[in-house]
Amino acid sequence: MRDPEIEVTPEHTAEALADGSAQVIDVREPYEVEAGRIPGSRHVELQELPAQAETVDRDKPVIFQCRSGGRSLMAAQAFRRAGYDAWSMAGGLEQWVAEGREIEPAGGRVAEH
(Lines give C-alpha, C1' and ligand atoms only; values in the text may rest on other atoms or scores of the structure.)
Protein backbone atom coordinates (compact mmCIF):
# COMPACT_ATOMS: atom_id res chain seq x y z
CA MET A 1 0.00 0.00 0.00
CA ARG A 2 1.96 2.98 -1.29
CA ASP A 3 0.93 6.34 -2.69
CA PRO A 4 3.87 8.49 -3.81
CA GLU A 5 1.46 11.39 -4.34
CA ILE A 6 1.02 11.88 -0.59
CA GLU A 7 4.15 10.30 0.87
CA VAL A 8 7.24 12.05 2.17
CA THR A 9 10.59 10.54 3.08
CA PRO A 10 11.92 10.09 6.61
CA GLU A 11 14.56 12.68 5.67
CA HIS A 12 11.83 15.22 4.81
CA THR A 13 10.06 14.36 8.09
CA ALA A 14 13.26 14.87 10.11
CA GLU A 15 13.83 18.25 8.45
CA ALA A 16 10.22 19.31 9.11
CA LEU A 17 10.57 18.38 12.79
CA ALA A 18 13.88 20.22 13.05
CA ASP A 19 12.62 23.46 11.49
CA GLY A 20 9.04 23.26 12.79
CA SER A 21 7.53 23.40 9.30
CA ALA A 22 5.16 20.46 9.94
CA GLN A 23 3.50 18.62 12.79
CA VAL A 24 4.28 14.89 13.02
CA ILE A 25 1.65 12.56 14.44
CA ASP A 26 2.38 8.94 15.37
CA VAL A 27 -0.81 6.90 14.85
CA ARG A 28 0.46 3.62 16.35
CA GLU A 29 -0.83 1.75 19.39
CA PRO A 30 0.43 2.82 22.86
CA TYR A 31 2.66 -0.26 23.31
CA GLU A 32 4.37 0.54 19.99
CA VAL A 33 5.05 4.13 21.03
CA GLU A 34 6.43 2.99 24.41
CA ALA A 35 8.91 0.71 22.61
CA GLY A 36 10.31 3.54 20.47
CA ARG A 37 9.21 6.83 18.97
CA ILE A 38 10.44 9.71 16.87
CA PRO A 39 11.54 12.57 19.15
CA GLY A 40 9.21 15.54 18.78
CA SER A 41 6.30 13.56 17.36
CA ARG A 42 2.83 13.63 18.90
CA HIS A 43 0.97 10.40 19.64
CA VAL A 44 -2.69 10.05 18.62
CA GLU A 45 -3.88 6.47 18.07
CA LEU A 46 -5.42 5.92 14.64
CA GLN A 47 -8.81 5.09 16.15
CA GLU A 48 -8.71 8.33 18.17
CA LEU A 49 -7.90 10.58 15.21
CA PRO A 50 -11.51 11.45 14.28
CA ALA A 51 -12.18 12.64 17.84
CA GLN A 52 -8.85 14.53 17.96
CA ALA A 53 -9.07 16.09 14.48
CA GLU A 54 -9.88 19.54 15.85
CA THR A 55 -6.62 19.50 17.85
CA VAL A 56 -4.60 19.19 14.63
CA ASP A 57 -3.50 22.58 13.26
CA ARG A 58 -5.14 23.15 9.86
CA ASP A 59 -2.66 25.92 9.01
CA LYS A 60 0.41 23.70 9.19
CA PRO A 61 1.19 20.55 7.18
CA VAL A 62 0.72 17.31 9.12
CA ILE A 63 2.85 14.21 8.55
CA PHE A 64 1.39 10.97 9.85
CA GLN A 65 3.73 8.15 10.82
CA CYS A 66 3.27 4.53 11.88
CA ARG A 67 5.32 1.30 11.90
CA SER A 68 5.55 0.65 8.15
CA GLY A 69 3.43 3.31 6.43
CA GLY A 70 0.01 1.65 6.02
CA ARG A 71 -1.92 3.23 8.89
CA SER A 72 -0.32 6.63 8.31
CA LEU A 73 -1.34 6.49 4.65
CA MET A 74 -4.98 5.89 5.64
CA ALA A 75 -4.80 8.80 8.08
CA ALA A 76 -3.26 11.12 5.48
CA GLN A 77 -5.92 10.22 2.91
CA ALA A 78 -8.74 10.86 5.39
CA PHE A 79 -7.30 14.17 6.54
CA ARG A 80 -6.75 15.29 2.95
CA ARG A 81 -10.42 14.62 2.23
CA ALA A 82 -11.19 16.84 5.23
CA GLY A 83 -9.11 19.69 3.78
CA TYR A 84 -5.82 19.28 5.65
CA ASP A 85 -2.35 19.49 4.06
CA ALA A 86 -1.69 15.87 5.12
CA TRP A 87 1.16 13.49 4.30
CA SER A 88 2.31 10.00 5.21
CA MET A 89 5.92 9.15 6.07
CA ALA A 90 6.92 6.42 3.61
CA GLY A 91 8.25 3.25 5.22
CA GLY A 92 7.23 4.31 8.72
CA LEU A 93 9.38 3.93 11.80
CA GLU A 94 10.99 0.85 10.25
CA GLN A 95 12.48 3.02 7.48
CA TRP A 96 13.37 5.79 9.95
CA VAL A 97 15.42 3.32 12.03
CA ALA A 98 16.90 1.63 8.92
CA GLU A 99 18.30 5.04 7.93
CA GLY A 100 19.99 5.34 11.31
CA ARG A 101 17.77 8.09 12.68
CA GLU A 102 17.33 8.62 16.40
CA ILE A 103 14.39 7.27 18.36
CA GLU A 104 13.51 7.62 22.01
CA PRO A 105 13.87 6.35 24.63
CA ALA A 106 17.57 5.53 24.35
CA GLY A 107 17.79 1.88 23.31
CA GLY A 108 14.27 2.06 21.87
CA ARG A 109 13.11 -0.27 19.12
CA VAL A 110 10.38 -0.79 16.54
CA ALA A 111 7.68 -2.87 18.24
CA GLU A 112 6.42 -6.02 16.56
CA HIS A 113 2.71 -6.50 15.93
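All of the points below concern the structure found in this document.

About the criteria used
- Residues numbered from 1 in each chain as written.
- Predicted model: local features only at pLDDT ≥ 70, side-chain atom pairs only at ≥ 80, totals over all residues.
- Heavy atoms only, no water.
- Phe/Tyr/Trp six-rings, centres within 6.5 Å; stacked < 30°, edge-to-face > 60°.
- Lys NZ or Arg CZ within 6 Å of the ring centre and 35° of its normal.
- Helix = DSSP H or I, 4+ residues; strand = E, 2+ residues; numbered from the N terminus.
- Buried < 20%, exposed > 50% of the residue type's maximum accessible area, 1.4 Å probe, protein only.
- Polar contact = N/O pair within 3.5 Å; in protein donor to acceptor, adjacent residues only side chain to side chain.
- Contact = heavy atoms within 4.5 Å.
- Salt bridge = Lys/Arg side-chain N within 4 Å of Asp/Glu carboxyl O.
- Arc of directions from axis to C-beta.

Moving on, we get to the packing of aromatic side chains. Taken as a whole, this structure holds 2 aromatic pairs when the rule is applied. Ring pairs connect the aromatic residues Phe64, Phe79 and Tyr84, which therefore count as one cluster. The ring of Trp87 carries Arg80 above its face, with NZ or CZ at 4.3 Å from the centroid.

What follows covers the side chain of Asp26. In this fold, Asp26 is placed in strand E2 (residues 23-26). By relative accessible area, which is 0% here, Asp26 ends up buried. Looking at Asp26, its side chain comes within polar contact range of the side chain of Arg28, at 2.8 Å. Setting aside residues no more than four positions away along its own chain, Asp26 makes contact with Val33, Arg37, Ser41, Arg42, His43, Val44 and Gln65.

Turning next to the environment of Gln95. The residue Gln95 is located in helix H5 (residues 92-98) in this model. Each C-alpha atom of the pair Gln95 and Gly69 lies 9.1 Å from the other, and the pair is 26 residues apart in sequence. The residues touching Gln95, leaving out its near neighbours within four places in the chain, are Pro10 and Ala90.

Applying the stated rule across the entire model yields 6 salt bridges. Glu32 is the salt-bridge partner of Arg71, the closest N and O atoms lying 2.9 Å from each other. With Arg71 in helix H4 (residues 70-81) and Glu32 in helix H2 (residues 30-35), the pair connects residues that are 39 residues apart, well separated along the chain. Neither residue differs from the other here; Arg71 and Glu32 are each classed as buried. Here Arg67 ties to Glu94 by a salt bridge, and the two come within 3.1 Å at their closest N and O atoms. On the criterion of sequence distance, the pair formed by Arg67 in the loop between strand E4 (62-65) and H4 and Glu94 in helix H5 is long-range, its members being 27 residues apart. The class for Arg67 is buried, based on a relative accessible area of 11%. A relative accessible area of 33% means that Glu94 is categorised as partly exposed. Each member of the salt-bridge network shares a partner with another, and the members are Arg67, Glu94 and Glu112.

Along helix H1 (residues 10-19), the residues that are buried comprise Pro10, Thr13 and Ala16. Down the axis of H1, the sector holding all buried residues measures 120°, keeping them to one side. Exposed residues lying more than 90 degrees from the buried face of H1 are Ala18 and Asp19. Buried residues belonging to H1 abut strand E1 (7-8), E2, E4, strand E5 (86-89) and H5. Just downstream of H1, Gly20 is the residue with a positive phi angle, here 75°.

So yeah, pure geometry; function would need other evidence.
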